[in-house]
Each structure stands twice: as C-alpha cells, then as structure tokens.
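Residue-level structure breakdown
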Amino acid sequence: MPLILDNYQCSLSERYLEQAMRELNEDPETRLEYCQKLLDAMSISNPEIIVNPDPRFLLRFLRTKKFNLDRAQEMLVQYYTMRYEEKAFQNLTPSSIRPLIEEKIGGILPKRDKQGRIVNVFFPGKWNIEKYEAIDLLKLNFLLLESAVMDENTQVSGIASIGNFEDYTLGHFLKFVTIAKKVGHLFDGAFPVRMKLSTMVNPPSIIGKIMSILTTVMSKKLMSRFNIITSTDFKDELIEVFGEDCLPADFGGNDSNDYMEVSNKRLYDLEEYMQEQLKYGISTTGTCTLVDNM
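All of the points below concern the structure found in this document. Fair warning: this is a prediction, and the values are worked out from it, not measured in the lab. (Residues numbered from 1 in each chain as written. Predicted model: local features only at pLDDT ≥ 70, side-chain atom pairs only at ≥ 80, totals over all residues. Heavy atoms only, no water.)

Our next topic: the overall build of the chain. Along the chain, the regular secondary structure elements total 15 helices and 7 strands. In the chain, which comprises 294 residues, the share counted as buried stands at 53%. By sequence separation, contacts in the chain at least 24 residues apart represent 78% of the contacts at least 6 residues apart. Surface summary for the chain: the accessible area is close to 13,700 Å², and the carbon and sulfur share equals 49%. Distance between charge centroids for the chain: 4 Å, based on 34 positive and 42 negative side chains. (Helix = DSSP H or I, 4+ residues; strand = E, 2+ residues; numbered from the N terminus. Buried < 20%, exposed > 50% of the residue type's maximum accessible area, 1.4 Å probe, protein only. Contact = heavy atoms within 4.5 Å. Areas by Shrake-Rupley, 256 points an atom, 1.4 Å probe, with all protein chains shown as cover. Lys, Arg positive; Asp, Glu negative; His and termini not counted. Charge placed at Lys NZ, Arg CZ, Asp CG, Glu CD.)

Interaxial distance between helix α2 (residues 31–45) and helix α4 (residues 69–85) falls to 10 Å at its minimum, and their mutual angle equals 60°. Between α2 and α4, the interaxial angle falls into the category oblique. In this structure, α2 crosses over α4, and the sense of that crossing is right-handed. Residues Tyr34, Lys37, Leu38, Ala41, Met42 and Ser45 of α2 lie in contact with α4, whose contacting residues are Leu69, Ala72, Gln73, Leu76 and Val77. Taken together, the residues of the contact of α2 with α4 sort by class into 8 nonpolar, 2 polar and 1 charged. (Axes fitted to C-alpha atoms, helices over the stretch in contact; angles between N-to-C directions. Parallel < 35°, antiparallel > 145°, perpendicular 65-115°, else oblique. Left-handed = near helix turned anticlockwise from the far one by under 90°. Nonpolar A, V, L, I, M, F, W, Y, C, P; charged D, E, K, R; others polar.)

For strand β3 (residues 118–122), the tally of buried residues reaches 5 of 5 residues, placing the bulk of the element in the interior. Every second residue of β3 is oriented toward a common face, with Ile118, Asn120 and Phe122 on one face and Val119 and Val121 on the other, all of them buried. Where strand β2 (residues 106–108) meets β3, 3 bridges bridge the pair, whose relative direction is antiparallel. Residue pairing in the sheet places Gly106 in a bridge with Phe122 of β3. For β3 and strand β4 (residues 159–164), the ladder comprises 5 bridges, and the chain directions are parallel. Its bridge partner being in β4, Phe122 is matched across the sheet by Gly163. (Pairing = 2+ DSSP bridges.)

Judged by side-chain charge, Asp233, Asp236, Glu237 and Glu240 come together as a negatively charged surface patch. Exposure remark for Glu237: the relative accessible area of 34% places this residue in the partly exposed category. (Patch = residues over 30% accessible without salt bridge, like charges linked within 9 Å, V, L, I, M, F, W, Y side chains within 5 Å. Salt bridge = Lys/Arg side-chain N within 4 Å of Asp/Glu carboxyl O.)

The next subject is the nonpolar core. Judged by nonpolar contacts, the single largest core of 75 residues is most densely connected at Leu58, Leu76 and Phe142. No other element matches helix α7 (residues 134–149), which puts 11 residues into this core. Beyond its immediate stretch of four places on either side in the chain, Phe142 contacts Tyr79, Met82, Arg83, Phe89, Leu92, Leu186, Phe191 and Met274. With 17 residues, the next largest nonpolar core counts Leu247, Phe251, Tyr259 and Met260 among its residues. (Core = buried A, V, L, I, M, F, W, Y, C linked by side-chain atoms within 4.5 Å.)

Look at α4: 24 Å from first C-alpha to last across 17 residues, which is about the 24 Å you get at 1.5 Å a residue. All buried positions along α4 are accounted for by Ala72, Gln73, Met75, Leu76, Val77, Tyr79, Tyr80, Met82 and Arg83. For α4, the N-terminal cap is Asn68; the gap from its side-chain oxygen to the backbone nitrogen of Asp70 is 3.1 Å. (Expected span 1.5 Å × (residues − 1). Polar contact = N/O pair within 3.5 Å; in protein donor to acceptor, adjacent residues only side chain to side chain.)

For the structure shown, the criterion picks out 17 salt bridges. One salt bridge connects Glu23 with Arg22, and the closest N-O pair in it is separated by 3.7 Å. Assessed through its relative accessible area of 31%, Glu23 is described here as partly exposed. The closest approach of N and O atoms between Glu146 and Arg60, which form a salt bridge, is 3.0 Å. Remark: Arg60 occurs in helix α3 (residues 55–64) and Glu146 occurs in helix α7; sequence separation between them is 86 residues. In terms of burial, Glu146 and Arg60 fall into one category: buried.

For the rest of this paragraph, the subject is the sheet that holds β3. Within the open sheet, the 5 strands sit side by side as β2-β3-β4-β5-β6. Their pairing is mixed. In this open sheet, the two edge strands, each paired with only one partner strand, are β2 and β6 (226–229). Pairwise comparison of adjacent strand axes, ignoring direction, gives a mean angle of 15° for this sheet. The strands touched by helix α13 (residues 235–242) are β3, β4, β5 (195–201) and β6; relative to β5, the strand with the most contacts, the crossing angle is about 170°. Of the strands in this sheet, β2 and β3 touch helix α14 (residues 259–268), which is tilted by about 85° from β2.

A word on the packing of aromatic side chains. Inspection of the entire model under this criterion finds 12 aromatic pairs. With a centroid separation of 6.0 Å and 45° between ring planes, the pair formed by Phe57 and Tyr80 is classed as tilted. Residue Phe57 is located in helix α3, and its partner Tyr80 is located in helix α4; the two are separated by 23 residues in the primary sequence. One exposure class covers both Phe57 and Tyr80, and it is buried. (Phe/Tyr/Trp six-rings, centres within 6.5 Å; stacked < 30°, edge-to-face > 60°.)

This is the structure in structure tokens:
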C-alpha cells in the first residue's frame, strides 16, 4: 500500500522539530520511509484494517511511540479496534454530538502553556447526567483529542489538562465508573497522544474513589502525571504550572478570549476530516484495500 503524499510538507516549527529529533528519534530524512514501513507492516499483519495512508495521520502514531515501528503498529491496531468495537465511535462526527458540545463541558485553550503544550480543560460537574450518558463524554473527549493532534506541533509537545471538579457529585462518579475502563484504554494505549500532565482542581470528597478506579485502568506512568490541587485558592498554583498567558481569567490567567467558543469552532471545523475517516477501519470483508482519495 503506497503513501498518499498529497504534497505533504512537515509543518513542525523549528522548536518542535528540534524536540522531535531529540526526544522522539525523528529524522526528517527518513520520516516518510517510516510511514511507508508502518503501512507495509499493517498490510502484512493486519490486512483486515483499511488504514488511512496519509503521512499526517501515520506520523501521530510514530511520534507517540518514538518511531518504534512495532509499538506504533500496536497502537494503530488498538485505535482502529477501539473504533470498530465501540459503537459510539463508529459514526462519530462533531455534528453528531453538537448539543453536547454546546454544553461547554470540555474544550482546548487557544494558547499553549509556558512549556509549549496544548491545554485541555474539563468541567465534569457541568455534565447533566439526566440528559447525557457517560459514553457521550467519551465521544467528546475523543473529538477533542482528534482536534488537538491535527497540529503536528502538538504531536510533539503533548497535551496537558485541567479538570475543574466543582459541583461533581456521587451521581457523576457512579456514571463515570461505567466507562472507566474505556477511558483508560483511550488515553493509555489506543489514541496517539502524549499525555504530559493531568491537573485536578476543586477535587470532590470522593477524589480517593476516583483515583482508585483510575489506578486500575491506567499505567503507573500515566498515573504519576496526575496533579491534584486541594487548595481552594488554586489559581496561583495553576499559574506556576502553566503560566498566566495561556490561562483564562477563571483559572487565574490573563487570556480574555472566550475559550470555549474558540474550542467549539475547532471541533466544528473537524467535521470534514471526521467524515473522511469513516472510510477507514476494520473491514467486514476481512481484507484490506486501499481507499482511493483522488
């Protein structure tokens, strides 16, 4: 299966190109060769999977796994298997969950933090558990991740997150438990993203129960990247970790953008891409064929 180059040009800035070469074993001279090797390996070992042959897509997996072909292939298989086995992901597009997006439960901040990372923010206490199921939040998280890694720089820098657990209740937790294993699989094995930090503020009294559940579904490495801020005056700590410039006022920063509106627009702009991705995945015929993008 040949790559679809489509005039591919690497969009990494100088900063992130240097980081990719230093931390991820990326070589600008051989990156496309590795993409082709990954496609070839999939054709041989996993012929039932119709793989998106665009380097922009394949590089997400290679960068996440530091250009280790075996590990990148394993994650690619897990990604497509997850999308095949979980019905909620099979026809997922931003338009399919527009009412949930408008609830502004989660989003991506417009500016990078002081370490150059994209920052996701979540307000799980705003989740209307009478209106939306837990799997709906997983859909939203999946689309936010897809939106973030569209940027090649983010594939290198990784993602940090802030969860504000104000108004989070036992009812929310009991719903979350039903998808905890799927959350762990998404963030720790099936999606090509470098999760660098997960910060929680306004933790509820049941935070111990939440962390205990996460411990059973996530690796020790990922669990070590959780940071729980117990102080009610959390803004100074967030500024110390992320910097003022990227944080909105409600997190102690000086960015005056309506960040949720900006984030929602990013999600809606993803519609065409997500529609295109519906062509790829595990084939019910049992054989892998190249989808014609011309």
